[in-house]
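# Fold and geometry: a report
The primary structure of each chain is shown beneath.
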Amino acid sequence: MKNLFSVIPADFFKPLNSKYKDQYADCLLEIYNSYKSEISYGVDRESVVSTLVEYFNTRTDDISFDDDSSFEKDSRTKAQKTINYLKDCGWLDFEEEKNYQQNVVLTEHAVPFIRTMNDVIRNEETEYQGLISQIHAVLQNEDLYSKPYQFILKNVVNNTEQLVSSLKRLNISIKKHIDKQTKNKELSDVLKLFADYNAEIVSKSLYRLKTSENVGKFRQSIKINLDNMLSEPKILKDLVAGYMEIEQETDPDIAQDKIIEMIIDVKSAFENLDKIIEDIDRKNNHYMKNAASRAKFELASGTNQEGKINAILRYLTEFSDEDETAPEDLFNVFVQKFVSEESIKKIPEKKTYEEVAIINIAETLTEEEKELKKKLLKDKQMARIYRKKIEAFVMEKLGSRQLIMASEIPVNSRKDFETLIYIRLFGIESKIYKVEKTSQRIKTEKCEFTDFEIIKKNGGEKNV
(Lines give C-alpha, C1' and ligand atoms only; values in the text may rest on other atoms or scores of the structure.)
Protein backbone atom coordinates (compact mmCIF):
# COMPACT_ATOMS: atom_id res chain seq x y z
CA MET A 1 0.00 0.00 0.00
CA LYS A 2 1.37 3.41 -0.97
CA ASN A 3 2.19 5.98 1.67
CA LEU A 4 0.61 9.45 1.21
CA PHE A 5 3.95 11.25 1.48
CA SER A 6 5.55 8.95 -1.09
CA VAL A 7 2.99 10.14 -3.66
CA ILE A 8 2.80 13.92 -3.13
CA PRO A 9 5.78 16.32 -3.56
CA ALA A 10 7.93 17.13 -0.51
CA ASP A 11 6.92 20.84 -0.43
CA PHE A 12 3.23 20.20 -1.18
CA PHE A 13 1.93 21.45 2.18
CA LYS A 14 4.43 24.30 2.44
CA PRO A 15 2.01 27.02 1.13
CA LEU A 16 -0.63 26.02 3.70
CA ASN A 17 1.90 26.10 6.53
CA SER A 18 3.57 29.39 5.68
CA LYS A 19 3.13 32.90 7.03
CA TYR A 20 0.90 33.71 4.05
CA LYS A 21 -1.22 30.54 4.20
CA ASP A 22 -4.45 32.55 4.03
CA GLN A 23 -3.46 34.16 0.74
CA TYR A 24 -2.24 30.90 -0.81
CA ALA A 25 -5.37 29.00 0.25
CA ASP A 26 -7.56 31.76 -1.19
CA CYS A 27 -5.59 31.72 -4.45
CA LEU A 28 -5.93 27.94 -4.79
CA LEU A 29 -9.69 28.19 -4.27
CA GLU A 30 -9.92 31.08 -6.76
CA ILE A 31 -8.06 29.03 -9.37
CA TYR A 32 -10.12 25.89 -8.67
CA ASN A 33 -13.44 27.74 -8.88
CA SER A 34 -12.40 29.54 -12.08
CA TYR A 35 -12.05 26.14 -13.78
CA LYS A 36 -15.71 25.18 -13.24
CA SER A 37 -16.72 26.32 -16.73
CA GLU A 38 -13.69 24.69 -18.39
CA ILE A 39 -13.47 21.18 -19.84
CA SER A 40 -10.39 20.42 -17.69
CA TYR A 41 -8.48 21.76 -14.70
CA GLY A 42 -6.36 23.89 -16.97
CA VAL A 43 -6.58 27.31 -18.62
CA ASP A 44 -4.19 29.79 -20.23
CA ARG A 45 -1.81 31.52 -17.86
CA GLU A 46 -3.07 35.03 -18.58
CA SER A 47 -6.60 34.10 -17.46
CA VAL A 48 -5.23 32.70 -14.18
CA VAL A 49 -3.13 35.83 -13.68
CA SER A 50 -6.22 38.03 -14.22
CA THR A 51 -8.18 35.98 -11.66
CA LEU A 52 -5.45 36.39 -9.03
CA VAL A 53 -4.94 40.08 -9.83
CA GLU A 54 -8.60 40.68 -9.03
CA TYR A 55 -8.10 38.82 -5.74
CA PHE A 56 -4.99 40.75 -4.71
CA ASN A 57 -6.68 44.05 -5.60
CA THR A 58 -9.11 43.38 -2.74
CA ARG A 59 -6.28 42.98 -0.19
CA THR A 60 -4.20 45.78 1.26
CA ASP A 61 -1.50 43.61 2.86
CA ASP A 62 1.78 42.89 1.08
CA ILE A 63 3.38 39.50 0.56
CA SER A 64 7.03 38.42 0.42
CA PHE A 65 8.38 35.58 -1.70
CA ASP A 66 12.04 35.95 -0.57
CA ASP A 67 12.03 35.22 3.17
CA ASP A 68 10.64 38.66 4.06
CA SER A 69 13.66 40.43 2.56
CA SER A 70 11.43 42.32 0.11
CA PHE A 71 7.68 42.79 -0.22
CA GLU A 72 5.61 42.90 -3.37
CA LYS A 73 3.00 45.64 -3.63
CA ASP A 74 1.88 45.31 -7.26
CA SER A 75 -1.09 42.93 -7.68
CA ARG A 76 0.11 41.56 -11.02
CA THR A 77 3.56 40.77 -9.63
CA LYS A 78 1.95 39.04 -6.66
CA ALA A 79 -0.20 36.95 -9.02
CA GLN A 80 2.76 35.92 -11.22
CA LYS A 81 4.98 34.97 -8.30
CA THR A 82 2.14 33.12 -6.53
CA ILE A 83 1.60 30.96 -9.62
CA ASN A 84 5.33 30.16 -9.81
CA TYR A 85 5.49 29.39 -6.08
CA LEU A 86 2.49 27.05 -6.19
CA LYS A 87 4.02 25.36 -9.23
CA ASP A 88 7.31 24.78 -7.37
CA CYS A 89 5.39 23.22 -4.45
CA GLY A 90 3.48 20.80 -6.68
CA TRP A 91 0.00 22.35 -6.75
CA LEU A 92 0.22 23.67 -10.33
CA ASP A 93 1.93 22.65 -13.55
CA PHE A 94 2.53 24.32 -16.89
CA GLU A 95 1.64 22.96 -20.34
CA GLU A 96 2.89 24.45 -23.61
CA GLU A 97 0.44 24.63 -26.54
CA LYS A 98 1.43 24.62 -30.23
CA ASN A 99 0.76 28.36 -30.50
CA TYR A 100 3.30 28.95 -27.68
CA GLN A 101 0.47 29.61 -25.25
CA GLN A 102 1.21 28.42 -21.73
CA ASN A 103 -1.60 26.76 -19.78
CA VAL A 104 -1.74 26.54 -15.99
CA VAL A 105 -3.18 23.22 -14.79
CA LEU A 106 -3.95 21.82 -11.36
CA THR A 107 -1.95 18.68 -10.62
CA GLU A 108 -3.69 15.36 -9.97
CA HIS A 109 -2.68 15.60 -6.28
CA ALA A 110 -4.02 19.15 -5.89
CA VAL A 111 -7.58 18.63 -7.16
CA PRO A 112 -8.90 16.36 -4.36
CA PHE A 113 -7.23 18.49 -1.66
CA ILE A 114 -8.70 21.75 -2.99
CA ARG A 115 -12.12 20.17 -3.48
CA THR A 116 -12.08 19.07 0.18
CA MET A 117 -10.92 22.56 1.27
CA ASN A 118 -13.81 24.05 -0.69
CA ASP A 119 -16.35 21.72 0.94
CA VAL A 120 -15.02 22.42 4.45
CA ILE A 121 -15.09 26.20 4.00
CA ARG A 122 -18.58 26.20 2.51
CA ASN A 123 -19.64 23.79 5.28
CA GLU A 124 -22.23 22.15 3.09
CA GLU A 125 -24.14 19.10 4.25
CA THR A 126 -23.91 16.25 1.77
CA GLU A 127 -27.17 15.85 -0.10
CA TYR A 128 -28.04 12.23 0.62
CA GLN A 129 -31.80 12.25 0.89
CA GLY A 130 -32.22 10.59 -2.51
CA LEU A 131 -29.43 8.03 -2.25
CA ILE A 132 -31.54 5.15 -0.89
CA SER A 133 -34.15 5.47 -3.64
CA GLN A 134 -31.35 5.77 -6.22
CA ILE A 135 -29.77 2.53 -4.99
CA HIS A 136 -33.14 0.80 -5.11
CA ALA A 137 -33.93 2.12 -8.61
CA VAL A 138 -30.55 1.07 -10.04
CA LEU A 139 -30.92 -2.48 -8.70
CA GLN A 140 -34.43 -2.70 -10.20
CA ASN A 141 -33.43 -1.48 -13.68
CA GLU A 142 -33.12 -4.58 -15.88
CA ASP A 143 -31.57 -2.58 -18.75
CA LEU A 144 -28.43 -1.99 -16.66
CA TYR A 145 -27.72 -5.69 -16.11
CA SER A 146 -25.88 -5.87 -19.44
CA LYS A 147 -22.87 -4.58 -17.48
CA PRO A 148 -23.83 -5.14 -13.85
CA TYR A 149 -20.52 -4.10 -12.31
CA GLN A 150 -20.02 -0.86 -14.24
CA PHE A 151 -23.65 0.26 -14.27
CA ILE A 152 -25.02 -1.19 -11.02
CA LEU A 153 -22.75 -2.55 -8.29
CA LYS A 154 -20.08 0.14 -8.49
CA ASN A 155 -22.71 2.88 -8.20
CA VAL A 156 -24.52 1.04 -5.39
CA VAL A 157 -21.29 0.71 -3.39
CA ASN A 158 -20.34 4.37 -3.92
CA ASN A 159 -23.81 5.67 -2.98
CA THR A 160 -23.94 3.42 0.09
CA GLU A 161 -20.53 4.65 1.26
CA GLN A 162 -21.64 8.26 0.70
CA LEU A 163 -24.88 7.69 2.60
CA VAL A 164 -23.20 6.03 5.61
CA SER A 165 -20.37 8.57 5.65
CA SER A 166 -22.81 11.50 5.54
CA LEU A 167 -24.92 10.11 8.38
CA LYS A 168 -21.81 9.47 10.48
CA ARG A 169 -20.63 12.99 9.77
CA LEU A 170 -23.97 14.36 10.97
CA ASN A 171 -23.75 12.08 14.01
CA ILE A 172 -20.41 13.51 15.15
CA SER A 173 -21.36 17.11 14.29
CA ILE A 174 -24.63 17.34 16.28
CA LYS A 175 -22.88 18.76 19.36
CA LYS A 176 -20.98 21.29 17.23
CA HIS A 177 -24.21 22.47 15.59
CA ILE A 178 -26.01 22.84 18.94
CA ASP A 179 -23.10 24.71 20.54
CA LYS A 180 -22.93 26.98 17.51
CA GLN A 181 -26.61 27.82 17.99
CA THR A 182 -26.38 28.58 21.71
CA LYS A 183 -22.93 29.58 22.93
CA ASN A 184 -22.29 33.27 23.55
CA LYS A 185 -25.59 34.33 21.98
CA GLU A 186 -28.52 36.33 23.23
CA LEU A 187 -31.58 34.28 24.11
CA SER A 188 -33.66 35.79 21.30
CA ASP A 189 -30.98 34.63 18.83
CA VAL A 190 -30.92 31.20 20.46
CA LEU A 191 -34.68 30.75 19.99
CA LYS A 192 -34.49 31.77 16.32
CA LEU A 193 -31.44 29.61 15.65
CA PHE A 194 -33.15 26.61 17.25
CA ALA A 195 -35.85 26.91 14.60
CA ASP A 196 -33.23 27.25 11.85
CA TYR A 197 -31.33 24.26 13.24
CA ASN A 198 -34.41 22.04 13.21
CA ALA A 199 -35.30 23.13 9.67
CA GLU A 200 -31.83 22.98 8.12
CA ILE A 201 -30.03 20.24 10.05
CA VAL A 202 -32.51 17.83 11.61
CA SER A 203 -35.56 18.05 9.35
CA LYS A 204 -33.59 18.44 6.14
CA SER A 205 -31.17 15.65 7.00
CA LEU A 206 -33.38 13.06 8.62
CA TYR A 207 -37.05 13.73 7.94
CA ARG A 208 -37.25 11.98 4.58
CA LEU A 209 -35.10 9.09 5.83
CA LYS A 210 -37.86 8.44 8.38
CA THR A 211 -40.82 9.00 6.06
CA SER A 212 -40.82 8.82 2.26
CA GLU A 213 -37.34 7.28 2.12
CA ASN A 214 -37.57 5.16 5.23
CA VAL A 215 -34.85 2.52 5.16
CA GLY A 216 -37.38 -0.18 6.00
CA LYS A 217 -39.34 0.50 2.79
CA PHE A 218 -36.40 -0.34 0.53
CA ARG A 219 -34.09 -2.55 2.59
CA GLN A 220 -35.72 -5.93 1.87
CA SER A 221 -35.94 -5.26 -1.87
CA ILE A 222 -32.32 -4.10 -1.98
CA LYS A 223 -31.14 -7.22 -0.12
CA ILE A 224 -33.12 -9.54 -2.45
CA ASN A 225 -31.63 -7.92 -5.56
CA LEU A 226 -28.10 -8.12 -4.13
CA ASP A 227 -28.59 -11.80 -3.26
CA ASN A 228 -29.84 -12.44 -6.81
CA MET A 229 -26.62 -10.95 -8.17
CA LEU A 230 -24.70 -13.71 -6.36
CA SER A 231 -27.15 -16.53 -7.02
CA GLU A 232 -27.57 -15.94 -10.77
CA PRO A 233 -24.50 -17.49 -12.51
CA LYS A 234 -24.66 -15.18 -15.56
CA ILE A 235 -24.92 -11.99 -13.47
CA LEU A 236 -22.07 -13.12 -11.22
CA LYS A 237 -19.93 -13.99 -14.26
CA ASP A 238 -20.61 -10.55 -15.77
CA LEU A 239 -19.81 -8.90 -12.43
CA VAL A 240 -16.44 -10.65 -12.25
CA ALA A 241 -15.64 -9.75 -15.86
CA GLY A 242 -16.59 -6.12 -15.27
CA TYR A 243 -14.48 -5.93 -12.10
CA MET A 244 -11.45 -7.39 -13.91
CA GLU A 245 -11.86 -4.86 -16.73
CA ILE A 246 -12.40 -1.74 -14.61
CA GLU A 247 -10.10 -2.52 -11.68
CA GLN A 248 -7.51 -4.25 -13.92
CA GLU A 249 -7.50 -7.47 -11.91
CA THR A 250 -6.08 -10.54 -13.69
CA ASP A 251 -7.17 -13.24 -11.25
CA PRO A 252 -10.90 -14.14 -11.60
CA ASP A 253 -10.99 -15.79 -8.15
CA ILE A 254 -9.74 -12.60 -6.48
CA ALA A 255 -12.25 -10.58 -8.52
CA GLN A 256 -15.12 -12.84 -7.39
CA ASP A 257 -14.04 -12.56 -3.74
CA LYS A 258 -14.02 -8.77 -4.07
CA ILE A 259 -17.51 -8.79 -5.62
CA ILE A 260 -18.85 -10.95 -2.77
CA GLU A 261 -17.16 -8.69 -0.20
CA MET A 262 -18.68 -5.56 -1.76
CA ILE A 263 -22.20 -7.02 -1.75
CA ILE A 264 -21.87 -8.21 1.86
CA ASP A 265 -20.61 -4.76 2.91
CA VAL A 266 -23.61 -3.04 1.28
CA LYS A 267 -26.07 -5.42 2.96
CA SER A 268 -24.35 -4.91 6.31
CA ALA A 269 -24.46 -1.13 5.87
CA PHE A 270 -28.23 -1.20 5.32
CA GLU A 271 -28.67 -3.39 8.40
CA ASN A 272 -26.81 -0.82 10.51
CA LEU A 273 -28.50 2.32 9.14
CA ASP A 274 -31.28 2.14 11.76
CA LYS A 275 -28.68 2.10 14.56
CA ILE A 276 -26.90 5.15 13.12
CA ILE A 277 -30.17 7.08 12.78
CA GLU A 278 -31.24 6.09 16.32
CA ASP A 279 -27.88 7.28 17.66
CA ILE A 280 -28.28 10.61 15.83
CA ASP A 281 -31.74 11.02 17.39
CA ARG A 282 -30.37 10.19 20.83
CA LYS A 283 -27.52 12.68 20.55
CA ASN A 284 -29.78 15.33 19.06
CA ASN A 285 -32.27 14.99 21.94
CA HIS A 286 -29.43 14.97 24.47
CA TYR A 287 -27.71 18.12 23.20
CA MET A 288 -31.00 19.89 22.52
CA LYS A 289 -32.00 19.27 26.14
CA ASN A 290 -28.66 20.61 27.39
CA ALA A 291 -28.91 23.67 25.17
CA ALA A 292 -32.48 24.29 26.30
CA SER A 293 -31.37 24.02 29.93
CA ARG A 294 -28.63 26.53 29.21
CA ALA A 295 -31.12 28.91 27.63
CA LYS A 296 -33.56 28.37 30.50
CA PHE A 297 -30.82 29.15 33.01
CA GLU A 298 -29.87 32.32 31.15
CA LEU A 299 -33.52 33.34 31.05
CA ALA A 300 -34.14 32.58 34.72
CA SER A 301 -31.02 33.97 36.33
CA GLY A 302 -29.11 35.91 33.71
CA THR A 303 -28.48 39.63 33.80
CA ASN A 304 -29.31 39.95 30.12
CA GLN A 305 -32.42 41.59 28.71
CA GLU A 306 -34.44 38.37 28.62
CA GLY A 307 -33.68 37.58 32.25
CA LYS A 308 -34.91 40.99 33.32
CA ILE A 309 -38.08 40.67 31.22
CA ASN A 310 -38.81 37.30 32.78
CA ALA A 311 -38.34 38.77 36.27
CA ILE A 312 -40.71 41.60 35.37
CA LEU A 313 -43.33 39.22 33.99
CA ARG A 314 -43.19 36.98 37.04
CA TYR A 315 -43.54 40.03 39.24
CA LEU A 316 -46.45 41.45 37.25
CA THR A 317 -48.48 38.25 37.54
CA GLU A 318 -48.56 38.77 41.31
CA PHE A 319 -50.05 42.27 41.14
CA SER A 320 -53.34 43.54 39.83
CA ASP A 321 -53.68 46.13 37.10
CA GLU A 322 -54.76 48.77 39.61
CA ASP A 323 -51.65 48.36 41.77
CA GLU A 324 -49.05 50.66 40.25
CA THR A 325 -46.44 50.21 42.98
CA ALA A 326 -43.29 48.20 42.55
CA PRO A 327 -40.53 47.26 45.01
CA GLU A 328 -37.34 49.28 44.80
CA ASP A 329 -35.16 46.20 44.44
CA LEU A 330 -37.00 44.85 41.35
CA PHE A 331 -34.01 45.34 39.06
CA ASN A 332 -31.32 44.24 41.51
CA VAL A 333 -28.91 41.52 40.39
CA PHE A 334 -29.35 38.28 42.31
CA VAL A 335 -26.50 35.78 42.49
CA GLN A 336 -27.83 32.30 41.86
CA LYS A 337 -26.25 28.89 41.57
CA PHE A 338 -27.06 26.39 38.83
CA VAL A 339 -26.64 22.65 39.33
CA SER A 340 -26.47 20.63 36.12
CA GLU A 341 -28.91 17.73 35.86
CA GLU A 342 -26.03 15.60 34.62
CA SER A 343 -23.70 16.37 37.52
CA ILE A 344 -22.43 13.16 39.11
CA LYS A 345 -21.40 14.89 42.30
CA LYS A 346 -23.78 14.34 45.14
CA ILE A 347 -25.05 17.54 46.71
CA PRO A 348 -24.04 17.52 50.39
CA GLU A 349 -26.86 17.64 52.89
CA LYS A 350 -26.53 19.27 56.29
CA LYS A 351 -27.95 17.26 59.12
CA THR A 352 -29.41 19.14 62.04
CA TYR A 353 -31.05 17.85 65.16
CA GLU A 354 -33.75 19.92 66.76
CA GLU A 355 -36.34 19.32 69.36
CA VAL A 356 -39.61 18.08 68.02
CA ALA A 357 -42.10 20.89 67.88
CA ILE A 358 -45.46 20.57 69.54
CA ILE A 359 -47.94 19.00 67.14
CA ASN A 360 -50.87 21.30 66.79
CA ILE A 361 -54.34 19.99 66.19
CA ALA A 362 -55.42 20.82 62.62
CA GLU A 363 -58.02 23.49 62.41
CA THR A 364 -61.23 22.52 60.68
CA LEU A 365 -62.35 24.90 57.93
CA THR A 366 -65.96 25.96 57.66
CA GLU A 367 -67.84 25.48 54.42
CA GLU A 368 -67.56 29.20 53.64
CA GLU A 369 -63.78 29.11 54.21
CA LYS A 370 -63.48 26.05 51.97
CA GLU A 371 -65.41 27.77 49.19
CA LEU A 372 -63.32 30.89 49.57
CA LYS A 373 -60.12 28.88 49.39
CA LYS A 374 -61.34 27.05 46.29
CA LYS A 375 -62.19 30.37 44.65
CA LEU A 376 -58.74 31.77 45.43
CA LEU A 377 -57.05 28.67 43.98
CA LYS A 378 -59.24 28.83 40.87
CA ASP A 379 -58.51 32.55 40.39
CA LYS A 380 -54.80 31.87 40.76
CA GLN A 381 -55.01 29.04 38.23
CA MET A 382 -56.90 31.22 35.76
CA ALA A 383 -54.28 33.95 36.14
CA ARG A 384 -51.48 31.58 35.08
CA ILE A 385 -50.16 31.90 31.55
CA TYR A 386 -49.26 28.69 29.74
CA ARG A 387 -48.90 27.56 26.13
CA LYS A 388 -52.30 25.92 25.56
CA LYS A 389 -54.07 28.91 27.04
CA ILE A 390 -52.18 31.28 24.73
CA GLU A 391 -52.83 29.01 21.71
CA ALA A 392 -56.55 28.93 22.47
CA PHE A 393 -56.54 32.73 22.76
CA VAL A 394 -54.73 33.04 19.39
CA MET A 395 -57.16 30.69 17.63
CA GLU A 396 -60.08 32.68 19.03
CA LYS A 397 -58.58 35.88 17.66
CA LEU A 398 -57.78 34.32 14.28
CA GLY A 399 -61.22 32.80 13.87
CA SER A 400 -61.61 31.90 10.20
CA ARG A 401 -58.75 34.17 9.16
CA GLN A 402 -55.36 32.79 8.21
CA LEU A 403 -53.35 35.79 9.45
CA ILE A 404 -53.74 38.72 11.79
CA MET A 405 -51.33 41.40 12.95
CA ALA A 406 -50.32 41.63 16.58
CA SER A 407 -51.35 45.27 16.50
CA GLU A 408 -54.96 44.14 15.96
CA ILE A 409 -55.06 42.70 19.50
CA PRO A 410 -56.14 45.43 21.93
CA VAL A 411 -53.65 46.30 24.67
CA ASN A 412 -55.54 48.04 27.46
CA SER A 413 -53.61 46.76 30.46
CA ARG A 414 -50.34 45.24 31.53
CA LYS A 415 -51.85 41.76 31.36
CA ASP A 416 -52.80 42.36 27.73
CA PHE A 417 -49.20 43.32 26.99
CA GLU A 418 -47.96 40.21 28.82
CA THR A 419 -50.23 38.11 26.64
CA LEU A 420 -48.77 39.73 23.52
CA ILE A 421 -45.25 38.91 24.70
CA TYR A 422 -46.15 35.30 25.36
CA ILE A 423 -47.83 35.01 21.95
CA ARG A 424 -44.49 36.06 20.42
CA LEU A 425 -42.48 33.62 22.56
CA PHE A 426 -44.75 30.57 22.24
CA GLY A 427 -45.11 31.14 18.48
CA ILE A 428 -41.53 29.92 17.92
CA GLU A 429 -42.33 26.30 18.79
CA SER A 430 -46.13 26.21 18.56
CA LYS A 431 -47.76 23.64 16.27
CA ILE A 432 -50.90 25.77 16.08
CA TYR A 433 -49.54 29.06 14.80
CA LYS A 434 -46.32 30.83 13.89
CA VAL A 435 -45.10 34.41 14.06
CA GLU A 436 -43.21 36.52 11.52
CA LYS A 437 -41.48 39.73 12.58
CA THR A 438 -42.10 42.94 10.62
CA SER A 439 -40.25 46.26 10.52
CA GLN A 440 -43.34 48.25 11.59
CA ARG A 441 -43.05 49.89 14.99
CA ILE A 442 -46.36 50.22 16.92
CA LYS A 443 -46.79 52.88 19.59
CA THR A 444 -49.90 53.32 21.73
CA GLU A 445 -50.73 55.09 24.98
CA LYS A 446 -50.06 51.88 26.91
CA CYS A 447 -47.04 50.38 25.16
CA GLU A 448 -44.63 50.35 22.24
CA PHE A 449 -43.48 47.26 20.31
CA THR A 450 -42.41 45.95 16.90
CA ASP A 451 -45.42 44.55 15.08
CA PHE A 452 -45.48 40.91 13.96
CA GLU A 453 -47.72 38.62 11.95
CA ILE A 454 -49.64 35.80 13.66
CA ILE A 455 -50.18 33.06 11.08
CA LYS A 456 -52.35 29.96 11.46
CA LYS A 457 -50.54 26.74 10.63
CA ASN A 458 -52.18 24.08 8.48
CA GLY A 459 -54.38 21.85 10.61
CA GLY A 460 -54.02 24.24 13.54
CA GLU A 461 -57.70 24.16 14.52
CA LYS A 462 -57.63 20.39 14.90
CA ASN A 463 -54.77 20.50 17.41
CA VAL A 464 -56.30 23.09 19.76
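Below, the structure is looked at part by part. Not measured: the values here are computed from a predicted model.

## Comments concerning the packing of helix α2 (residues 21-34) against helix α4 (residues 75-88)
The description of two packed helices rests on the angle between their axes and on the distance between the axes. At a closest axis distance of 11 Å, the pairing of α2 and α4 adopts a crossing angle of 90°. Classed by the angle they form, the pair α2 and α4 counts as roughly perpendicular. Contact with α2, carried on its side by Y24, C27, L28 and I31, involves T82, Y85 and L86 of α4 and no other residues of that element.

## Some details on the nonpolar core
Membership of the largest hydrophobic core comes to 36 residues, with the highest contact counts inside it found for L139, L153, M229, I259, F270 and L273. Those elements that place two or more of their residues in this core are α6 (131-140), α7 (148-182), α9 (215-231), α10 (233-246) and α11 (252-301). For this core, the leading source of residues is α11, giving 11 residues. Among all residues touching L139, those that are not within four sequence positions of it are Y145, I152, V156, I222, N225, L226 and M229. The next biggest cluster of nonpolar side chains, apart from the first, holds 33 residues, and it includes C27, Y85, C89 and L106.

## A short note on the packing of aromatic side chains
Taken as a whole and assessed by the stated rule, the structure comprises 10 aromatic pairs. Pairing Y55 with F56 gives two aromatic rings, centres 5.1 Å apart and planes at 65°, and the pair type is edge-to-face. Residue F56 is classed as buried on the basis of its relative accessible area of 2%. Between the aromatic rings of W91 and F113, the centroid separation amounts to 6.3 Å while the plane-to-plane angle is 70°, which identifies the pairing as edge-to-face. Note that W91 is positioned in the loop between α4 and β2 (92-96) and F113 in helix α5 (residues 110-122), a separation of 22 residues in sequence. The buried category is assigned to W91, whose relative accessible area is 0%. Under the relative-accessibility criterion, F113 is labelled partly exposed at 26%. Put simply, the rings of F12, F13, W91 and F113 touch in pairs and so form one group of aromatic residues.

## Side note on α10
The end-to-end C-alpha distance of α10, which contains 14 residues, comes to 20 Å, matching closely the 20 Å that a straight helix rising 1.5 Å per residue would cover. The set of residues buried in α10 consists of I235, L236, L239, V240, G242 and Y243. All buried residues of α10 project into a common sector of 165° when viewed along the axis, lining one side. Residues of α10 that are exposed and angled more than 90 degrees away from the buried face: P233, K234, K237 and E245.

## Digging into the environment of R115
By secondary structure assignment, the location of R115 is in helix α5. According to the relative accessible area criterion, R115 is partly exposed, its value standing at 38%. R115 sits 83 residues away from Y32 along the chain, and the two C-alpha atoms are 8.0 Å apart.

Rules and cut-offs
- Residues numbered from 1 in each chain as written.
- Predicted model: local features only at pLDDT ≥ 70, side-chain atom pairs only at ≥ 80, totals over all residues.
- Heavy atoms only, no water.
- Axes fitted to C-alpha atoms, helices over the stretch in contact; angles between N-to-C directions.
- Helix = DSSP H or I, 4+ residues; strand = E, 2+ residues; numbered from the N terminus.
- Parallel < 35°, antiparallel > 145°, perpendicular 65-115°, else oblique.
- Contact = heavy atoms within 4.5 Å.
- Core = buried A, V, L, I, M, F, W, Y, C linked by side-chain atoms within 4.5 Å.
- Buried < 20%, exposed > 50% of the residue type's maximum accessible area, 1.4 Å probe, protein only.
- Phe/Tyr/Trp six-rings, centres within 6.5 Å; stacked < 30°, edge-to-face > 60°.
- Expected span 1.5 Å × (residues − 1).
- Arc of directions from axis to C-beta.

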